[in-house]
Amino acid sequence: MDQNPPSSSDRCDIVTVQPVSIIDHIIKVPDMLSMKELIHSSDDVGGSRPVSAEELKTILSKAASYESRPGGSASNVLRTLASFVGHGGGRVKGKIVGAMGADEWGALFEQSMKDKGVDTSCLYEKQGNTGCCCVVTCNEMRTMRTMFENAAKLTPENLTIEHIRGARYVFVSLYCFYQQGLVEKIVELGQAAGCHIVCDLASWDIVEKFGDRLLNILEKSPVEICFCNEDEAKKVAMIGQDCVNPTIETGAQCLLDHGASKVIVTQGKDGSSLFYKDGDDGVIRFHQEAYKVESIEDVTGAGDAFSAGVLWGLLQGFELTTALRLGSLSGSAVIQCMGADISPEKWAWFYDTLQLDASVVPRNTTDQII
């Protein structure tokens, strides 16, 4: 595969960087006890941490069954974004920059991106394996165990401004912190290329491990939006403000004080909240209720689908509060499916709901989107 960066004349709406291509092995369990037994842990369910190939094999061997799907926050966001239908039937132009192994899992990962219309010209085949992740899910909880042993990886040295130049947005998942110096390089290049930089905090244990580096980056670089969930926001408050009883408000305040322009916190069934500073008025909060669903199939990729919905709204030219509603709707769509991709049936549900709910976007604008 050609490993030369693209011409700077190549333009796209959004670039995401995923240093290791990942296949999710999704295991659905009936209750929390089963989850704890499967991952050999009682104190860190809901998080994400690396495991050895042997540990991954043990989890899979104990599972009654599992489904294998392409994974990774950056690729999940791109596949969902590429599936939206915009004004006049237009689609988002997205590009993934990353590495994959020369194996069957790498081929599956690449083809899944191509099938959604994502530009994979900068998804490089390198020496090593494609990464794998056990995603153990139960109702509204999921725990991830990721195997990166001998994985094909994109390094900061592989990344140039030509990979990013021409994009309107650069999406950075803090899982990239596992590759030393990569987050800093992505943000630096995004800033130099004049892109809007969007950051996803990934997982509470990522924040726990790399929180100081995150806050240092925010102080030096213009990050437009930080996406996080409640646990991640609270962990930021514990690290950045030494809060004994952290809240999402103190977490958002900390991120804003360190330089983030806006913070969006997802709150599960309680919806989501947008925080931003407004001059002398202090921090402004806008709350968005969650859309009700009949049942939850799997929460894998819920945050990624939410982020994709928000970014899609911004790319369509909507205000951020409207984009937040679109994110809530797309997040509600994906939790009715197994895995991180919205099924055709639930895309129909998304557009039906969008058409009925005049509070999401103006009625005449909705007619243009459908």
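The structure this text deals with has already been given above.
Cut-offs applied
The residue count restarts for each chain, going from 1 along the sequence in the order it is written. For a predicted model such as this one, the threshold for reporting local features is a pLDDT of at least 70, and the threshold for listing and counting side-chain atom pairs is 80 or more; totals across whole chains, interfaces and linings nevertheless cover every residue. Excluded from the side-chain calculations are hydrogens and water; all other atoms, namely the structure's heavy atoms, are used. Numbering of helices and strands starts at the N terminus; helices are DSSP runs of H or I of at least 4 residues and strands are runs of E of at least 2. We take the radius of gyration over the C-alpha atoms and set the globule estimate at 2.2 Å times the residue count to the 0.38 power. Here the term buried applies to any residue with accessible area under 20% of the maximum for its type, exposed to any over 50%, and partly exposed to those in between, with areas from a 1.4 Å probe on protein chains only. Contacts are residue-level and defined by heavy atoms, with any inter-residue pair within 4.5 Å sufficient. Residues scored as positive are Lys and Arg, those scored as negative are Asp and Glu, and His as well as the terminal groups of each chain are ignored. Think of each charge as sitting on NZ of Lys, CZ of Arg, CG of Asp or CD of Glu. Multiply 1.5 Å by the residue count of a helix minus one, and that product is the helix's expected span. Put simply, the grid is 1 Å and covers the protein atoms alone, a cavity is a trapped set of points that fit a 1.4 Å probe, a pocket is an open set with protein on both sides within 12 Å along at least five of seven lines, and lining residues have an atom within 4 Å of a point. Grid points are joined across faces, edges and corners, and a volume is the space filled by probe spheres set on the points. We call two strands paired when DSSP finds no fewer than two bridges between them. Axis lines are fitted through C-alpha atoms, for helices just across the contact stretch, and the angle between N-to-C directions can take any value from 0 to 180 degrees. Taking the helix axis as origin, the arc is that swept by the directions to the C-beta atoms. N or O atoms within 3.5 Å of each other form a polar contact, as long as, within protein, one can give a hydrogen and the other can take it, and as long as residues adjacent in sequence are counted only when both atoms are side-chain atoms. What is meant by a nonpolar core is a set of buried Ala, Val, Leu, Ile, Met, Phe, Trp, Tyr and Cys residues, joined one to another through side-chain atoms within 4.5 Å. A pairing counts as a salt bridge when a side-chain nitrogen of Lys or Arg comes within 4 Å of a carboxyl oxygen of Asp or Glu.

Trainee: Explain the overall build of the chain to me, and be specific about the residues and the numbers.
Mentor: When helices and strands are tallied, the chain shows 12 helices and 14 strands. Taken over the C-alpha trace, the chain has a radius of gyration of 19 Å; the compact-globule value for 370 residues is 21 Å, and the two agree within 12%. By principal-axis analysis of the C-alpha atoms, the chain measures approximately 55 × 50 × 45 Å. Counting the 370 residues in the chain, one finds 56% classified as buried. Considering only contacts in the chain between residues 6 or more positions apart, those separated by 24 or more positions represent 74%. For the chain, the distance from the average position of its 33 positive side-chain charges to the average position of its 50 negative side-chain charges is 2 Å.

Trainee: Which residues make up helix H10 (residues 320-334), and what values go with them?
Mentor: Between its first and last C-alpha, H10 extends 21 Å over 15 residues, near the 21 Å set by a 1.5 Å rise per residue. Burial analysis of H10 places 14 of its 15 residues in the buried class, which makes it a mostly covered element.

Trainee: Any details on empty space enclosed by the protein? Residues and values, ideally.
Mentor: A full pass over the atoms with the stated rule returns 1 cavity of 30 Å³ or more. Approximately 40 Å³ is the volume found for the largest cavity. In terms of lining residues, the largest cavity is bounded by Val172, Val183, Val187, Ile197, Cys199, Leu214, Ile217, Leu218 and Val223. When contributions to the lining of the largest cavity are tallied by element, the ones reaching two or more residues are helix H5 (182-192), strand S10 (196-200) and helix H6 (204-220).

Trainee: For the environment of valine 263, give the residues involved together with the corresponding values.
Mentor: Residue position: valine 263 is located in strand S12 (residues 262-266). Residue classification places valine 263 among the buried positions, given a relative accessible area of 0%. Taking C-alpha positions, valine 263 is 30 Å from phenylalanine 148, a pair spaced 115 residues apart along the chain. Not counting chain neighbours up to four residues away, the residues in contact with valine 263 comprise Cys226, Cys228, Ala252, Leu255, Leu256, Ser273, Leu274 and Phe275.

Trainee: Kindly report on unusual backbone geometry, identifying the contributing residues and their values.
Mentor: For alanine 202, which is not glycine, the phi dihedral falls at a positive 75°. Tracing the backbone through its elements, the reader meets alanine 202 in the loop between S10 and H6. The exposure class assigned to alanine 202 is buried, which follows from its relative accessible area of 8%. One non-glycine residue with positive phi stands out, namely aspartate 242, at about 55°. The residue aspartate 242 is located in the loop between helix H7 (230-240) and helix H8 (248-257) in this model.

Trainee: Kindly report on the sheet that holds strand S4 (residues 67-71), identifying the contributing residues and their values.
Mentor: One open sheet holds the 5 strands; their spatial order is S3-S8-S7-S2-S4, and the pairing between them is mixed. The open sheet has two edge strands, strand S3 (48-51) and S4, and neither has a second partner. Averaged over all pairs of adjacent strands, the angle between strand axes in this sheet comes to 30°, irrespective of strand direction. Here S3 pairs with strand S8 (residues 141-147) via 4 bridges, running parallel. Looking at S8, one finds that serine 48 is bridged to methionine 144. Where helix H4 (residues 104-115) meets the sheet, it contacts strand S2 (22-28), S4 and strand S7 (131-138), and its direction lies at approximately 95° from that of S2.

Trainee: Which residues make up helix H11 (residues 344-356), and what values go with them?
Mentor: Helix length check: H11, at 13 residues, gives a terminal C-alpha distance of 18 Å against a target of 18 Å (1.5 Å per residue), a fit within 8%. Those residues of H11 not exposed but buried are Lys346, Trp347, Phe350, Tyr351, Thr353 and Leu354. Around the axis of H11, the buried residues are gathered within 160° of arc, so they sit on the same side. When the buried face of H11 is taken as reference, the exposed residues oriented beyond 90 degrees from it are Pro344, Glu345 and Leu356.

Trainee: Give a description of the side chain of arginine 79 that names residues and reports values.
Mentor: Looking at where arginine 79 falls in the secondary structure, it is placed in helix H3 (residues 73-83). A polar contact of 2.9 Å, which involves the side chain of arginine 79, links it to the side chain of aspartate 341. Discounting residues that sit within four places of it in the chain, arginine 79 has contacts with Pro70, Ser112, Met113, Lys116, Val118, Ala340 and Asp341.

Trainee: Let's hear about the sheet that holds strand S11 (residues 223-229): which residues, and what values?
Mentor: Spatially, the 9 strands line up as an open sheet ordered S6-S5-S1-S9-S10-S11-S12-S13-S14, and their pairing is mixed. One side of each edge strand has no neighbouring strand; the edge strands of this open sheet are strand S6 (119-125) and strand S14 (283-288). On average, each strand axis in the sheet is tilted by 20° relative to the strand beside it, whichever way the strands run. One ladder, built from 5 bridges, connects strand S5 (residues 94-100) with S6; its direction is parallel. What sits directly across from lysine 95, in S6, is aspartate 119. Sheet strands in contact with H10 are S11, S12, strand S13 (272-277) and S14, and its direction is about 35° off that of S14.

Trainee: A description of the nonpolar core should follow, citing residues and the corresponding values.
Mentor: Ranked by size, the top nonpolar core spans 47 residues in total, and within it Leu174, Leu201, Cys226, Leu255 and Val263 carry the most contacts. With 7 residues, H6 is the largest single contributor of residues to this core. Setting aside anything within four residues of it in sequence, one finds leucine 201 in contact with Leu174, Ile206, Val207, Leu214, Cys226, Phe227, Cys228, Glu232, Val236 and Leu255. Ranked by size, the runner-up nonpolar core spans 46 residues in total, among them Leu81, Val92, Val118 and Leu274.

Trainee: Can you explain the pattern of salt bridges? Please cite residues and give values.
Mentor: Pairing of side chains with opposite charge becomes possible as their charged atoms draw close. Across all of its chains, the model carries 10 salt bridges by this definition. The shortest N-O distance in the salt bridge between lysine 235 and glutamate 208 comes to 3.2 Å. With lysine 235 in helix H7 and glutamate 208 in helix H6, this pair connects stretches of sequence that are 27 residues apart. Residue classification places glutamate 208 among the partly exposed positions, given a relative accessible area of 47%.

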